[in-house]
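Examination of the molecular architecture
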Amino acid sequence: MYRCSLTHSAVPVFGLTFSSLSRLAADEGTFEGDSPESFAVVELSPTFPKTFDSNIRLVENGTEVSEFVLLGLTGDPTLQAPLFVIFTLIYLITMIGNLGMILVILLDSRLHTPMYFFLANLSLVDFCSSSTVTPKVMAGLLLGDKVMSYNACATQMFFFAAFATMECYFLTSMAYDRYMAVCRPLHYTTIMTKSACTRLAIGCYVIGILNASVQTGDTFCLSFCMSNVVHHFFCDLPAVMTLACSDRHTTELILILMASFNVFVALFMIFISYLFIFRTILKMHSSEGSQKALSTCASHLVAVSIFYGTVITMYLQPSSSHSMDTDKIVSVFYTVVIPMLNPLVYSLRNKEVKRAIKKIVENRATWLTPAILATQDAEL
């Protein structure tokens, strides 16, 4: 058994209040104590992460924590298996959808256009973003492995922040591409050249890496000497920052300013692009032309709405106003669901992509038919 004690009014034991610790104890062991003056005695089962026991000594000695414990999506054991199945299916769909989209774009020469160049990069970013978070969540649900080393937590935070920023700017690049295609079709091929698209893509990757470097560096410059329990299913910036025992106001201000700049600059450019697009569509005399223009923009608008809605909800508010349970639900959308939805949205609503997939399947069948007939003849 593992024991720890605290007063009813105490706040800091691994970042948990008395009430939340009592709920945790109800799940893992027993809880005693019925008055503000009494002590809470929590008896934890041997299956409870031993990191808690080791970090009791760390807190007493006033030293820095060396690892973090992720509380995960839920503490209910009956939900672990169903959630593991759901997340596994979502991750498989994400992997097949995004890598499949990249493969289709590479194999079909008719899709070698700026629009699909950016879509292939977006699919790559979505796959990498999901792979940064989802496998660890699956391991926690299946094996109960919720402990992350200090360096592993920083690495996960860095890559997730980088890929999220990259997606932000790739969506902006795609909006600019749609603006050029709809509003300036005669200049489209001369402006959206291969070199121009490559420079835009490199810019998206560089901005993502720089943004993640600053935010992760600032976050892990803080001291984590009172708590190591992350009330989340991955090392997200707001969840980790709330555990700091040093002054985090400057770091929080930098986070909010950088997130605000990235979000609002990108959103402003998207808004201006679509303002001109809709104005051009309204001036079109052909209903067929306007419907075609709208259809090429609809998928992008859906992706933008989902992505930026969740990002604004998560990052553009002080950490003191965060509800961790609400953050978990919102985070599931932009870490797991959005990377799965993007290839589905762009493929199901896009005739060119569906035509390319059909062509690849038919060619595959053509390649396999002689081999199957030869095998049958050999058997006869």
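Attention here is on the structure that accompanies the text. No experiment lies behind these values; they were computed from the predicted model shown.

Notes on a nonpolar patch on the surface
A cluster of nonpolar side chains, contributed by V85, L89, L92 and I96, occupies part of the molecular surface with about 370 Å² of accessible area. Turning to its location among the elements, L92 is positioned in helix 3 (residues 77-107). Note on L92: relative accessible area 38%, which makes it partly exposed.

Looking at the layout of surface pockets
In this model, the second largest pocket occupies a volume close to 700 Å³. Forming the boundary of the second largest pocket are 23 residues, of which K292, A293, S295, T296 and E352 lie nearest the centre. Listing elements by their share of the lining of the second largest pocket, those giving two or more residues are helix 4 (114-143), helix 5 (150-183), helix 10 (287-315) and helix 12 (351-379). Looking at the lining of the second largest pocket residue by residue, the class counts come to nine nonpolar, seven polar and seven charged.

Topic: the nonpolar core
Judged by nonpolar contacts, the single largest core of 64 residues is most densely connected at L119, F170, L171, Y308 and Y346. At the level of secondary structure, the elements contributing two or more residues to this core comprise helix 3, helix 4, helix 5, helix 7 (194-219), helix 9 (249-283), helix 10, helix 11 (324-348) and helix 12. Tallying contributions element by element places helix 5 first for this core, with 14 residues. Those residues in contact with F170 that sit more than four places away from it in its chain are F118, N121, L122, V125, A201, C204 and Y205. Membership of the second largest hydrophobic core comes to 19 residues, among which are F68, M157, L222 and V240.

A short note on the packing of helix 4 against helix 5
Two elements in contact, helix 4 and helix 5, have axes whose closest approach is 9 Å; the angle formed by their N-to-C orientations is 160 degrees. As the angle between them shows, helix 4 and helix 5 are arranged roughly antiparallel. With respect to the hand of their crossing, helix 4 and helix 5 are arranged in left-handed fashion. Here the residues of the contact of helix 4 with helix 5 are counted per class, giving 15 nonpolar, five polar and five charged.

Quick word on helix 5
Here helix 5 is 34 residues long and its end C-alpha atoms lie 50 Å apart, about the 50 Å a rise of 1.5 Å per residue gives. Counting buried residues along helix 5, 24 of its 34 residues qualify, which places the element largely inside the surrounding structure.

Cut-offs used in this document
- Residues numbered from 1 in each chain as written.
- Predicted model: local features only at pLDDT ≥ 70, side-chain atom pairs only at ≥ 80, totals over all residues.
- Heavy atoms only, no water.
- Patch = residues over 30% accessible without salt bridge, like charges linked within 9 Å, V, L, I, M, F, W, Y side chains within 5 Å.
- Areas by Shrake-Rupley, 256 points an atom, 1.4 Å probe, with all protein chains shown as cover.
- Salt bridge = Lys/Arg side-chain N within 4 Å of Asp/Glu carboxyl O.
- Helix = DSSP H or I, 4+ residues; strand = E, 2+ residues; numbered from the N terminus.
- Buried < 20%, exposed > 50% of the residue type's maximum accessible area, 1.4 Å probe, protein only.
- 1 Å grid on protein atoms, 1.4 Å probe; cavity = no way out; pocket = protein on both sides within 12 Å on 5 of 7 lines; lining within 4 Å.
- Points joined across faces, edges and corners; volume = space filled by probe spheres on them.
- Nonpolar A, V, L, I, M, F, W, Y, C, P; charged D, E, K, R; others polar.
- Core = buried A, V, L, I, M, F, W, Y, C linked by side-chain atoms within 4.5 Å.
- Contact = heavy atoms within 4.5 Å.
- Axes fitted to C-alpha atoms, helices over the stretch in contact; angles between N-to-C directions.
- Parallel < 35°, antiparallel > 145°, perpendicular 65-115°, else oblique.
- Left-handed = near helix turned anticlockwise from the far one by under 90°.
- Expected span 1.5 Å × (residues − 1).

So yeah, pure geometry; function would need other evidence.
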